[in-house]
Amino acid sequence: MPNFARSQTQPIPSGTVAFLFTDIEGSMQRWERFREEMAAAVKRHDGIVRGAIESQGGYVFKTIGDAFCAAFPTVRDAAAAALDAQRAVSAEDFSGVDALKVRMALHVGHADERDGDYFGPTVNRVARLLAVGYGGQVLVSGAAADLVQDELPAQATLRDLGAHRLKDLTQPEQIYQLVAPDLQQQFFALKSLEALPNNLPLQVTSFVGREHDIAEIADLMGRTRLLTLVGTGGVGKTRLALQIGADLLDRHPDGVWYVELAPLVDAALIPNTVASLFGVSEQPQRTLTDAIVSALRNRTALLIFDNCEHLVAGAAAMVDAIIRGCANVRIIATSREGLGIGGETVHRVASLALPETGLSLNAETARGYGAIALFEERAAAANTRFSLTDTNAPVVAEICGRLDGIALAIELAATRIKVLSVEQLAAKLDERFRLLTGGSRTALPRQQTMRALIDWSYDLLAGNERTVFRRVAVFAGGWTLEAAGEVCSDDSIESWDVLDLMSALVDKSMIVAELGDSEQRYRLLESTRQYALEKLSESGEREHLRDTHARYTFALAHRAVEDMSRTPLGTWMTALAPEIDNFRLALDWLLTERHDVERGAELVSLLHEYFLEMSRPAEFWRWAEAALEAVGADGDPKLRAPLLREMAETSSALGKGLTQRRNLAREASELYRIANDRKGMGLANMTLGSQLAFFGEIEEARPLLSDALEIARESGDRRFIAQCLALTAWTPGASLPERRERMQEAIAIFRTAGDERRVAHTLSWLAEHEFAAGETDRALECATQSIAIMRRRRFRTNLIVQLMNSAAYNLWIGNVEAARTAARESIGLCQEVQDILDVPICIQHLASVADAAGDSRSAARLAGFVNARLVQIDEPRQPTEQRLYDRLMTSLAEKLSGAQIAQLQNEGAQYSEDRAIDEALAI
């Protein structure tokens, strides 16, 4: 009996793996003829094959219909499993389905294992090896034969079948047949490329990173007779079309034929090129196109028309005639734009897969992305010492990302590994058109450098298409149709013409269209944008377009602020979030390059809420400082006051000291007074009052907050009113029910406005009120709701504070483990966002955990570190933290003498932050 348990306990093979693939020859026809009998036969077949694989230590990682894909630690085990399976299948009586024969293929090489499945060229290679064999035959690759030659099972040998081109179009593979006395030994010639009619050119490099595209296009080819692959230059359309052609050879008994149009300069030559493939000559009273159609009318063939873009009308006429006149001929065309004829299916070829920005990568996970896999293979071919490692994988990902996953650009960059490290290569990408050269000398001239490739596409554009193409380069990170109409139109191009021109540029693969949640956006690939920017500078339009772009962006931000009070915040951010690079570009033009300082300063203020919602407080701070410097200390109070107030609001998230925060708010209030801006004064008073209230200085905060609420009601600004309601709940004398009522009213307003960030903030303030009133369970309930929102919206900075409060509440009621978990997470977040302000309080709570766990000495040392650090950063304890600290010190006094506590605290005061964190996390 087979040992089925072995495969379940044995580790999944990794690294260099032996693969055995199997399937039943002619299974589809048998299912059509013997449907009921085949169900039972396939079930018996599956048991036999799986048993043979698992009894030899194999791991079945995928089954597709009746096909098995298995991995083995060694080639010998895979060969033994293949022989066992073939013998067992031969011994079974499958006469009820007119016999049943299984073909098998065995190959070895490196493969990437993810979630129990395997990926990479090795897996593709064994699948293609299987495709050329016959039922009852076991094919062995040259690589596998070299390893198993001296370790074959008894009486088994290898028969050399010669070199054959598989369907991956690369160099021929030396193929062997596994032979044993009790197995069939004679078969027809292998179904390799040499045995099937075609003129597909040999490819000197392997096909990498397009497994998903292959499957998708193969499915499309089953539903259409004309498929046009469109995409930007260098994306890999030709290579993809050739590979599809190789894969579909079996379905086209009259062959797969490649028609290269790139060398042609006259569309009238297209019929001659096609005719020469099929030996068709001109005839009297008949056009050459008619003669071609007549010759192909009864054939079942696939034609690949490559590089149609420069002769698109002539190519379309030829293809249309063939499609209409030849019922069993299918066509794949490649072009920068569709052919525009009836029956055409257009498939846009995307760039190779890239990891998301910021995703943590190691070598193993990086290879799962097509762009990185291609870079690795081409770089290793250029420099045999190169290998993808955990260290350089993020840099390679950056390179591939900046090259937009364009296959040609990646291949050209990878060749530079001969003389540059990956770090040096990444640093030189700003000089990409000098760097991305040196393609194959035998390639078309336009495929030898990136500049030549884009030149070719640019030269095919009409006059106004070129104009719009270079003008949209002024956008960063994409744009909308409205934006293009506003920025790119002038006396020669009306705004309503821009849509048609951009549509033409999308069709010609010069612009990428991306359908978002609410509207279509457009963008240029980075290399294409660099080229377009050069053209923009050459045209003399750069200065005017940059200024027009900045003015449009300013107007966009102004409208957004006006809409904010009547738009749910989630909807507001969805519409605005994609514009971050355009906002940065406009700020750089207005402030850094000083083209309009006043407008730049106002734009920074307009974007305050935007940057906070994007969790980018540090970026806002940098722009605000730049604006204040540009405006000058004696500049317009109307410009300076909002910046100072918004910096005061932002400062706590950046670890700024309390004194600095108060000074910013006070200066803002004074400038608003000078500018006679009553609403601004109310906002500044709210900001300053909140800073005071949170640290227990209620008497000073009360008049400021009351005044702010009065002004808010005058303004009618619902969010402003809600903020003041929440803050005035701190006013002394108000009962807990009154405070709850104000907070709940504020929360309702924020929820109606879709402002989840302020809902979360207000819940955290309500939690503090509940805790101060002794309602710790209610406090924890509010904190839990707040934390859930912050996690969902990824408000990491605000999440730190609420986790600290949750730790405090849990400590108060004795939930030490829950407190430990919350405090540890908050420290981790502090390290991620570089928040130095909140680290001491996180450590204080872990000191209380240490004390509860019986380690009072460590608790005292950590408390000493916290005291020293709070003084250093000018940060007093808030009431909750002070309450927990007082209880900790009372507990320590019961266990240690005053002298011991003082000595231990002095030791802790000398700690570095890293040492304090390490000791706290060890608790």
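This one's a predicted model, so the numbers in the text were calculated from it and none came from an experiment. (Residues numbered from 1 in each chain as written. Predicted model: local features only at pLDDT ≥ 70, side-chain atom pairs only at ≥ 80, totals over all residues. Heavy atoms only, no water.)

## Some remarks on the overall build of the protein chain
The helix and strand inventory of the protein chain stands at 43 helices and 16 strands. Relative to its 923 residues, the protein chain shows a buried fraction of 55%. Carbon and sulfur atoms make up 49% of the accessible area of the protein chain, which amounts to about 39100 Å² in all. The average position of the 98 basic charges and that of the 127 acidic charges among the side chains of the protein chain differ by 2 Å. (Helix = DSSP H or I, 4+ residues; strand = E, 2+ residues; numbered from the N terminus. Buried < 20%, exposed > 50% of the residue type's maximum accessible area, 1.4 Å probe, protein only. Areas by Shrake-Rupley, 256 points an atom, 1.4 Å probe, with all protein chains shown as cover. Lys, Arg positive; Asp, Glu negative; His and termini not counted. Charge placed at Lys NZ, Arg CZ, Asp CG, Glu CD.)

## Focus on the sheet that holds strand S11 (residues 301-306)
Strand order in the open sheet formed by five strands is S10-S11-S12-S9-S13, with parallel pairing between adjacent strands. Two strands bound the open sheet, and with one partner strand each, they are strand S10 (256-260) and strand S13 (344-348). Across the sheet, the axes of successive neighbouring strands diverge by a mean angle of 20°, strand direction being ignored. Here strand S9 (residues 226-230) runs beside strand S12 (residues 329-335); their pairing, made up of five bridges, is parallel. In the strand pairing of S12, Thr 228 is matched with Ala 333. (Pairing = 2+ DSSP bridges. Axes fitted to C-alpha atoms, helices over the stretch in contact; angles between N-to-C directions.)

## A look at the environment of Thr 391
Along the polypeptide, Thr 391 turns up in the loop between helix H13 (370-382) and helix H14 (393-402). When its relative accessible area of 66% is taken as the criterion, Thr 391 is described as exposed. The spatial distance from the C-alpha of Thr 391 to the C-alpha of Leu 361 is 9.1 Å, given a sequence separation of 30 residues.

## Section: helix H10 (residues 288-296)
Those residues of H10 that sit buried are Leu 288, Ala 291, Ile 292, Val 293 and Leu 296. Where H10 is buried, its residues contact helix H9 (270-278), S11, helix H11 (312-325) and S12. (Contact = heavy atoms within 4.5 Å.)

## Brief notes about the pairing of S9
Burial within S9 is extensive, with five of its five residues counted as buried. Of the two faces of S9, the one holding Leu 226, Thr 228 and Val 230 and the one holding Leu 227 and Leu 229 are both buried throughout. In the sheet, S9 pairs with S13 via five bridges, with the strands oriented parallel. Residue pairing in the sheet places Leu 229 in a bridge with His 347 of S13.

## Looking at the nonpolar core
Within the largest apolar cluster, 158 residues are counted, with the highest numbers of intra-cluster contacts made by Phe 469, Val 472, Trp 479, Met 502, Ile 511, Val 604 and Ile 843. If near-sequence neighbours (up to four positions away) are discounted, Met 502 is found in contact with Val 468, Val 472, Trp 479, Leu 481, Ala 484, Ile 511 and Tyr 522. With 56 residues, the next largest nonpolar core counts Leu 388, Val 395, Ile 399 and Ala 426 among its residues. (Core = buried A, V, L, I, M, F, W, Y, C linked by side-chain atoms within 4.5 Å.)

## Focus on the packing of helix H26 (residues 597-606) against helix H28 (residues 617-631)
Where H26 meets H28, the axes come as close as 9 Å, and the angle between the chain directions of the two elements is 150°. Taken together, H26 and H28 sit at an angle that is classed as roughly antiparallel. Both H26 and H28 take part in a crossing whose hand is left-handed. Side by side, H26 and H28 meet where Val 597, Ala 601 and Val 604 of the first sit next to Phe 620, Trp 623, Ala 624, Ala 627, Ala 630 and Val 631 of the second. Looking at the contact of H26 with H28 residue by residue, the classes come out as nine nonpolar, no polar and no charged. (Parallel < 35°, antiparallel > 145°, perpendicular 65-115°, else oblique. Left-handed = near helix turned anticlockwise from the far one by under 90°. Nonpolar A, V, L, I, M, F, W, Y, C, P; charged D, E, K, R; others polar.)

## Some words on the pattern of salt bridges
Under the criterion given, the structure shown has 48 salt bridges. For Asp 581, the salt bridge goes to Arg 584, with nearest N and O atoms at 3.2 Å. Of the two residues, Asp 581 and Arg 584 both sit in helix H25 (residues 580-592), three residues apart, roughly one turn of that helix. Judged by relative accessible area, which is 30%, Asp 581 ranks as partly exposed. Using a relative accessible area of 24% as the deciding quantity, one classes Arg 584 as partly exposed. One continuous salt-bridge network, built from bridges that share partners, spans Glu 609, Arg 719, Asp 755, Arg 757 and Arg 758. (Salt bridge = Lys/Arg side-chain N within 4 Å of Asp/Glu carboxyl O.)

## Quick notes on unusual backbone geometry
At Asp 98, a position not held by glycine, the phi torsion is positive, near 60°. Even without being glycine, Ala 99 reaches a positive phi, approximately 70°. Summarising the element assignment, Ala 99 is placed in the loop between helix H4 (75-91) and strand S4 (102-114).

## Quick notes on the packing of aromatic side chains
Summed over the entire model, instances satisfying the criterion amount to 16 aromatic pairs. Measuring from centroid to centroid gives 6.0 Å for Phe 375 and Phe 386, while their planes differ by 75°, and the two rings are edge-to-face. Here Phe 375 is found in helix H13, whereas its partner Phe 386 is found in the loop between H13 and H14, with 11 residues between them in sequence. When sorted by exposure, Phe 375 lands in the same class as Phe 386, which is buried. Taken together, a centroid distance of 5.8 Å and an interplanar angle of 70° make the contact between Tyr 610 and Phe 611 edge-to-face. Like Phe 611, Tyr 610 is buried. (Phe/Tyr/Trp six-rings, centres within 6.5 Å; stacked < 30°, edge-to-face > 60°.)

## Considering helix H20 (residues 481-488)
Burial in H20 covers these residues: Ala 483, Ala 484, Gly 485, Val 487 and Cys 488. Residues of H20 that are buried in the fold lie against helix H19 (463-471), strand S14 (479-480), helix H21 (495-507) and helix H23 (542-564).

## Details of the confidence of the model for the protein chain
Confidence in the prediction of the protein chain, expressed as mean pLDDT, is 86, and 94% of residues score 70 or more. This model gives residues 1-9 a pLDDT under 50, and the stretch forms 12 contacts once residues within four places in sequence are excluded. Within the model, pLDDT remains below 50 along residues 439-444, and this stretch shows eight contacts once partners closer than five positions in the same chain are excluded. (pLDDT = per-residue confidence, 0-100.)

## Digging into the side chain of Ser 786
The residue Ser 786 is located in helix H36 (residues 776-793) in this model. Side-chain polar atoms of Ser 786 contact the backbone oxygen of Ala 760, separated by 2.8 Å. (Polar contact = N/O pair within 3.5 Å; in protein donor to acceptor, adjacent residues only side chain to side chain.)

## Details of the pairing of strand S6 (residues 138-141)
Taken residue by residue, a regular strand's side chains alternate between the two faces of the sheet. Residues Val 138 and Val 140 point to one face of S6 and Leu 139 and Ser 141 to the other, with burial holding for every one of them. In the sheet, S4 pairs with S6 via three bridges, with the strands oriented parallel. Bridge pairing in S6 places Met 104 opposite Val 138. Summarising the sheet, S6 and strand S8 (residues 173-179) pair through three bridges and their orientation is antiparallel. What sits directly across from Ser 141, in S8, is Ile 175.

## Focus: the environment of Ser 527
One can find Ser 527 in helix H22 (residues 526-539). Its relative accessible area of 5% is what places Ser 527 among the buried residues. A C-alpha to C-alpha distance of 54 Å links Ser 527 and Thr 880, two positions 353 residues apart in sequence.

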